[in-house]
Amino acid sequence: MPSPIRDQLPPIARDILAGFGLLTRIPVPFTAPRPGGVWAWPFVGVAVGGIALSLGAAVQVTGVAIGIAAAVVIAVQVALTGGLHEDGLADCADGFWGAHTRDRRLEIMKDSRIGSYGGIALVLALLVRWSAIATLLGAGACGLALAPAILSRAAMGLVMSALPNARAGGLAAAHGKPSMVAAGLGAALALGLAIGLVGWAALGLALAVGVTAAALAQVARAKIGGQTGDVLGAVQVLTEIAALATATALLQ
């Protein structure tokens, strides 16, 4: 029986498809991810951020309040990813600060229910993102709003490569540990795309992403001894917020 067309694609295309299949709800031909495929994750940020911002800009043209357009951007992003990263942030907040032992923290993180820490973290994260995106849309700085979505996907790969798996099972462990070369290639790709969008201002955004990712990696190591899929989700959300906040400062 002939192989599916997806199996005949070059490795680059298969890595890109795998990234979309893993990190979004966008229907693509299933391609099993491989650890080295993290280099392609910035392309997911281009698509998710680009689609969301395009729809937000379209809504903005109708004359509605800028806050509504910003809310549309966030809603589309969440819809495209299935809330994967936001779920990780909430689970990390509940687990990291809801228990005193590593095993209990991991247990809480696997629980589908959301607690007080997770709820507060989600509300604050959504509020800050909404405020920053509204500011950037109002200034017509869509490039500055898109670059953080790209850079934050590369940050996930870097943290995944730098930290051991905190548990034997789970999405991150099943994916496999990428090499620093693959993660570094993703970071270089993300930076190149960001520079193409906003020029050398991308270096400031990348610095904010790097500092935030490094800090989160240290917290995860201290709390649970490594990374999980939830940790990577939290890294995406919080590094994007750090870059968005930096972008608003660059407008001044």
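Whatever comes next refers back to the structure up there.
Residues numbered from 1 in each chain as written. Predicted model: local features only at pLDDT ≥ 70, side-chain atom pairs only at ≥ 80, totals over all residues. Heavy atoms only, no water.

## A look at helix α11 (residues 229-250)
- Taking 1.5 Å of rise per residue, 22 residues should cover 32 Å, and α11 covers 32 Å from first to last C-alpha, within 8% of that figure.
- With 16 of 22 residues buried, α11 is to be regarded as a mostly interior element.
- Looking at where α11 begins, the residue whose side-chain oxygen comes 3.2 Å from the main-chain nitrogen of Asp-230 is Thr-228. (Helix = DSSP H or I, 4+ residues; strand = E, 2+ residues; numbered from the N terminus. Expected span 1.5 Å × (residues − 1). Buried < 20%, exposed > 50% of the residue type's maximum accessible area, 1.4 Å probe, protein only. Polar contact = N/O pair within 3.5 Å; in protein donor to acceptor, adjacent residues only side chain to side chain.)

## Details of helix α2 (residues 41-61)
- Between its first and last C-alpha atoms α2 spans 30 Å; for 21 residues at 1.5 Å apiece the expected length is 30 Å, and the two agree.
- If you check which residues of α2 are buried, you get Trp-41, Pro-42, Val-44, Gly-45, Ala-47, Val-48, Gly-49, Gly-50, Ala-52, Leu-53 and Gly-56.

## So, the environment of Ala-208
- Among the structural elements, Ala-208 can be located in helix α10 (residues 202-224).
- The sequence separation of Ala-208 and Ala-75 amounts to 133 residues, and the corresponding C-alpha distance is 24 Å.
- Every residue in contact with Ala-208, bar those within four places of it in the chain, is listed here: Ala-242, Ala-243 and Thr-246. (Contact = heavy atoms within 4.5 Å.)

## A word on the packing of helix α4 (residues 84-97) against helix α5 (residues 102-110)
- Between α4 and α5, whose axes approach to 8 Å, the crossing angle comes to 150°. In terms of orientation, α4 lies roughly antiparallel with respect to α5. When you trace α4 past α5, the crossing you get is right-handed. Residue-level contacts link Asp-91, Cys-92, Asp-94, Gly-95 and Phe-96 of α4 to Arg-105, Ile-108 and Met-109 of α5.
- Across the contact of α4 with α5, the residue classes break down as 4 nonpolar, 1 polar and 3 charged. (Axes fitted to C-alpha atoms, helices over the stretch in contact; angles between N-to-C directions. Parallel < 35°, antiparallel > 145°, perpendicular 65-115°, else oblique. Left-handed = near helix turned anticlockwise from the far one by under 90°. Nonpolar A, V, L, I, M, F, W, Y, C, P; charged D, E, K, R; others polar.)

Function-wise, these values are silent; they only describe arrangement.
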